[in-house]
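The chain contents come next:
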Amino acid sequence: MYKKTDKLTGWYLFVGMVSLFIGGSLGPLQKLEHVGINLYRALNSIGLASYYQGLTIHAVLNALVWTTFFIVGFFTFIIPRSLEKELVWPKVQWLSFILMVIGLVMAAIPILMNLATVLFTFYPPLMASPFFYIGLVLVVVGSWVGGYGFYATLVSWRKEHKGEKTPFIALAANITMVMWQIATLGVATELLVFVIPWSFGLIEGTDPQLNRTFFWFTGHPLVYFWLLPAYISWYAMIPKQVGGKMFSEPLARLVFWLFLAMSIPVGLHHQFVDPGVPEGWKVVHFALTFGLFIPSMITAFSVIASMEIGGRANGGTGLFSWIRKLPWGDPSFTAQNLAMILFAFGGIGGLTNASYNLNLAIHNTMWVPGHFHLTVGSAVTLTFFGITYWLVPKLANKPLFSRKMGLWQAWTWFIGMVLMSNGLHVIGLNFSVPRRTMLGVAPYASSTWQPQLIEAAIGGIILGISGLLYYANMIGTVAQKKQLEEPIEMPVAEQYHEEKIPAWLDNWKPWFAITVLLILVAYGPILFDMLSNIQLTSPGFKPW
Ligand code: HAS
Ligand code: CU
């Protein structure tokens, strides 16, 4: 069973991993540049024009491509298993993959030709080649098409299982996909209505403020699109891997519904310093962002409780000694647990960002890359690595090449990230050191920044080593001759208490209605206002 779609999952993972390899390789170079060691010159001969082109490649491939390919591939694997039913439209899933690959190639060519050095936020009035934007649109549309196949499978399952509650993993994955499809309407509007016609010269100017607002309509929920698949693993798979049980399934479902409802109407917390956005609306988004803190805290509580159940079942006692009884020799668990610990700090930093007045101190400083390397770079990426430590052996039908190497990888990622993010947070907060800047040649760069920049560079190099360990292990796994002796199954945790799932936690309608309502309240008036005062006046700029 699932043979055809498993192959597809393998392809998604392959493209995602290759992208991360290329994008990730540029990371240590950035950190070295900041301490005055410019290795970009060496790459000039192979066509890399600048630090900024490198930064665009780094962020587009890591944050947009690796994540999206991994997530759609992971869902292609977990949804059928959770429903115990093959995906109903396997050809549509393949179409999704093909569209995403065409989009990736289309976006990659202008980036590599230095025609799209606009970083991953592609803020107008920076103007890239239209093919860059069209490529991104195709990647998103491809992911939507994948989502249609998932919904069709879920609908068909529900018809066959009238009166039964949707299994948690399938429900959570579908909620994530629906959230993503609503969220991406923002960037779709930005690109299709404004930016693409403008980059083709069909309309003369664009409205940067309006475009940014549409961008962040998508940009914030994007981070939960990355995070929620990791949450699926933490909630529903990790408890099984540690010999525990899921603390409370109703609570877990509530969390996913809350993320559906609240991920989108908070985007203005990325625009606190934008002058064209009325203060009152910033306060609304600030308050909703703090509301969103609740499902994350429920997650922290539930996931730790589930692990505690496992630690105690393995003979652990005392207030904390059960932690020692967790399977620290298993790289899949260790990677994900270290990801959680880093996320606790990333999350606290997120709340700092969301606090309107504190944001004024850290916006556009190195603090922000410090924050998102703990979140997307750790909570998400290190969890995805942890998942691949069982998923790739399963797909390849071969044992993991080296558990030891996997453990070294997880710990070096953890140590590298602690050093790097600490350095970045400190200089961002204390000295307002700007992000996205070639500090190595900035005339205003101060020697007082050096200790933390060096700390961050050491962290970056350790992360580079960790990345090499990961890829060596993955290649070793796939390339070896050994076959699996015992089959690997997707870990699915049982419930701790045999709780009944209330009907309202398995019902799309009320949650969908709340989602639409919150978006209308938080974005309706402001978008109406911006559209009524639209100023399509800005020409495109290509400063690179
Ligand atoms: Fe963020 C900027 C606010 C979460 C990613 N964020 C960014 C950017 C990225 C990003 C990429 O309000 C930069 C965008 C750009 O280029 O400009 N963020 C938040 C808030 C949260 C948050 C309030 N961010 C994320 C996640 C991301 C992500 C998740 C990616 C996956 N972020 C902001 C704001 C900005 C921002 C502003 C704009 C800054 C500016 O001015 O530019 C919250 O969702 C965080 C809640 C999370 C927690 C942590 C819960 C802990 C858990 C683990 C517990 C388990 C443990 C294990 C500890 C409160 C669930 C224990 C172990 C044992 C062994 C027992
Ligand atoms: Cu955000």
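Here, the structure is the one placed above.
What counts, and at which threshold
- Residues numbered from 1 in each chain as written.
- Chains lettered and ligands numbered in written order.
- Predicted model: local features only at pLDDT ≥ 70, side-chain atom pairs only at ≥ 80, totals over all residues.
- Heavy atoms only, no water.
- Helix = DSSP H or I, 4+ residues; strand = E, 2+ residues; numbered from the N terminus.
- Buried < 20%, exposed > 50% of the residue type's maximum accessible area, 1.4 Å probe, protein only.
- Contact = heavy atoms within 4.5 Å.
- Areas by Shrake-Rupley, 256 points an atom, 1.4 Å probe, with all protein chains shown as cover.
- Donors = N, O, S within 2.8 Å, 3.2 Å for Na, K, Ca; no water.
- Salt bridge = Lys/Arg side-chain N within 4 Å of Asp/Glu carboxyl O.
- Axes fitted to C-alpha atoms, helices over the stretch in contact; angles between N-to-C directions.
- Left-handed = near helix turned anticlockwise from the far one by under 90°.
- Nonpolar A, V, L, I, M, F, W, Y, C, P; charged D, E, K, R; others polar.
- Near = heavy atom within 4 Å.
- Polar contact = N/O pair within 3.5 Å; in protein donor to acceptor, adjacent residues only side chain to side chain.
- Phe/Tyr/Trp six-rings, centres within 6.5 Å; stacked < 30°, edge-to-face > 60°.
- Expected span 1.5 Å × (residues − 1).
- Core = buried A, V, L, I, M, F, W, Y, C linked by side-chain atoms within 4.5 Å.
- Patch = residues over 30% accessible without salt bridge, like charges linked within 9 Å, V, L, I, M, F, W, Y side chains within 5 Å.
- Parallel < 35°, antiparallel > 145°, perpendicular 65-115°, else oblique.

A. Here's a closer look at the overall build of the protein. Summing up its helical and strand segments, the protein has 16 helices and 0 strands in all. Its C-alpha atoms put the protein at 60 × 50 × 45 Å along the principal axes. Put simply, the protein has 544 residues, and 60% of those count as buried. Taking the contacts inside the protein whose residues are at least 6 apart along the sequence as the reference set, 85% of them involve residues at least 24 apart. Accessible area for the protein stands at about 21,700 Å²; split by element, carbon and sulfur atoms hold 70% of it.

B. Here's a closer look at the coordination of the copper ion (ligand 2). Distances from the copper ion (ligand 2) to its protein donors, namely H220 (ND1), H269 (NE2) and H270 (NE2), fall within the range 1.9 to 2.1 Å. A spacing of 4.4 Å is found between the copper ion (ligand 2) and the iron atom of ligand 1. Of this pair, H220 sits in helix α8 (residues 208–241) while H269 sits in the loop between α9 (249–262) and α10 (279–313), and the two are 49 residues apart along the sequence. For H269, a relative accessible area of 10% gives the class buried.

C. Representation of the pattern of salt bridges in the model. This model, assessed by the stated rule, comprises 9 salt bridges. For E494, the salt bridge is made with K245, and the minimal N-O distance between the two is 3.7 Å. Pair noted here: E494 is in the loop between α15 (450–479) and α16 (508–532) and K245 is in the loop between α8 and α9, with a separation of 249 residues, a long-range link. With relative accessibility at 31%, the residue K245 sits in the partly exposed group. Put simply, R312 and E308 hold a salt bridge, and the shortest N to O gap is 2.7 Å. On the criterion of helical spacing, the pair formed by R312 and E308 is a turn pair, its members being 4 residues apart in helix α10. What makes R312 partly exposed here is its relative accessible area of 35%. Linked through salt bridges whose partners overlap, the residues forming this network are R158, E249, R253 and D506.

D. Representation of the packing of helix α3 (residues 51–83) against helix α6 (residues 168–183) in the model. Contact pair α3 / α6: the axes reach a minimum separation of 8 Å and the direction vectors enclose 145°. Read as a crossing pair, α3 and α6 show a hand that is left-handed. Residues V72, F75, I78, I79, S82 and L83 of α3 form the contact with α6, whose participating residues are I169, A170, A173, N174, T176 and M177. Partitioning the contact of α3 with α6 into residue classes produces 9 nonpolar, 3 polar and no charged.

E. Spotlight on the site of ligand 1. Near ligand 1 lie 37 residues; those nearest to it are Y224, N359, H363, H371 and R435. Within the side chain of N359, a nitrogen or oxygen atom sits 2.8 Å from an oxygen atom of ligand 1. At 2.7 Å, a side-chain N or O of R435 approaches an oxygen atom of ligand 1. For the shell around ligand 1, the elements supplying multiple residues, two or more each, are α8, α10, α11 (331–354) and α13 (367–396).

F. Molecular detail of the side chain of T213. Looking at where T213 falls in the secondary structure, it is placed in helix α8. Taking relative accessible area as the criterion, T213 reaches 0% and is therefore assigned buried. Those residues within four positions of T213 in sequence are excluded, and the remaining contacts are L268, Q271, Y523, L527 and M530.

G. Just the packing of aromatic side chains, in detail. Under the definition given, this model contains 50 aromatic pairs. Between Y224 and F259 the ring centres are 5.0 Å apart and the planes differ by 45°, which places this aromatic pair in the tilted class. Note that Y224 is positioned in helix α8 and F259 in helix α9, a separation of 35 residues in sequence. The exposure classification of Y224 matches that of F259, with both residues buried.

H. Looking closely at α10. Taking 1.5 Å per residue as the helical rise, α10 with its 35 residues ought to reach 51 Å, and the 52 Å between its terminal C-alpha atoms agrees with that figure. G315 sits one or two residues past α10 and shows a positive phi near 100°.

I. Spatial organisation of the nonpolar core. In terms of nonpolar packing, the biggest core is built from 163 residues, with F75, I78, F132, Y133 and W234 touching the most fellow members. A per-element tally of this core places α3 first, with 20 residues. Not counting residues within four places of it along the chain, the set of residues in contact with W234 comprises P239, T299, V303, Q336, A339, M340, F343, A379 and T383.

J. The arrangement of unusual backbone geometry in detail. Here the bond from P124 into P125 is cis, since omega is 15°, no more than 30 degrees from zero. The topology assignment puts P125 in the loop between α4 (90–112) and α5 (130–160). Look at N114: it is not a glycine, yet its phi comes out positive at around 60°. Locating N114 in the fold gives a position in the loop between α4 and α5.

K. Fine view of a nonpolar patch on the surface. A cluster of nonpolar side chains, namely W11, F14, V18, F21, I22 and L468, defines an oily patch on the protein surface of about 580 Å² accessible area. In terms of residue count, helix α1 (residues 3–34) provides more of the nonpolar patch than any other element does, 5 residues in total. Along the chain, the position of V18 falls in helix α1. For V18, a relative accessible area of 37% gives the class partly exposed.

L. The side chain of T412, seen in detail. For T412, the position within the fold is in helix α14 (residues 403–431). Overall, the relative accessible area of 13% leaves T412 in the buried class. There is a polar contact of 3.0 Å between the side chain of T412 and the backbone oxygen of Q409. When residues no more than four places from it in sequence are discounted, the contact partners of T412 are I462, S466 and L469.

M. Main features of the packing of α13 against α15. Direction vectors running N to C along α13 and α15 enclose 10°, while the axes themselves pass 10 Å from each other. On the basis of the axis angle, α13 is roughly parallel to α15. Only Y470, N473, M474, T477 and V478 of α15 make contact with α13, whose side of the interface consists of F385, T388, Y389, V392 and P393. Residues of the contact of α13 with α15, tallied by class, amount to 7 nonpolar, 3 polar and no charged.

N. Focus on the environment of A63. For A63, the position within the fold is in helix α3. In sequence terms A63 and M177 are 114 residues apart; their C-alpha atoms lie 17 Å from each other. The contact partners of A63, leaving out residues within four places of it in the chain, are H58, F120 and W226.

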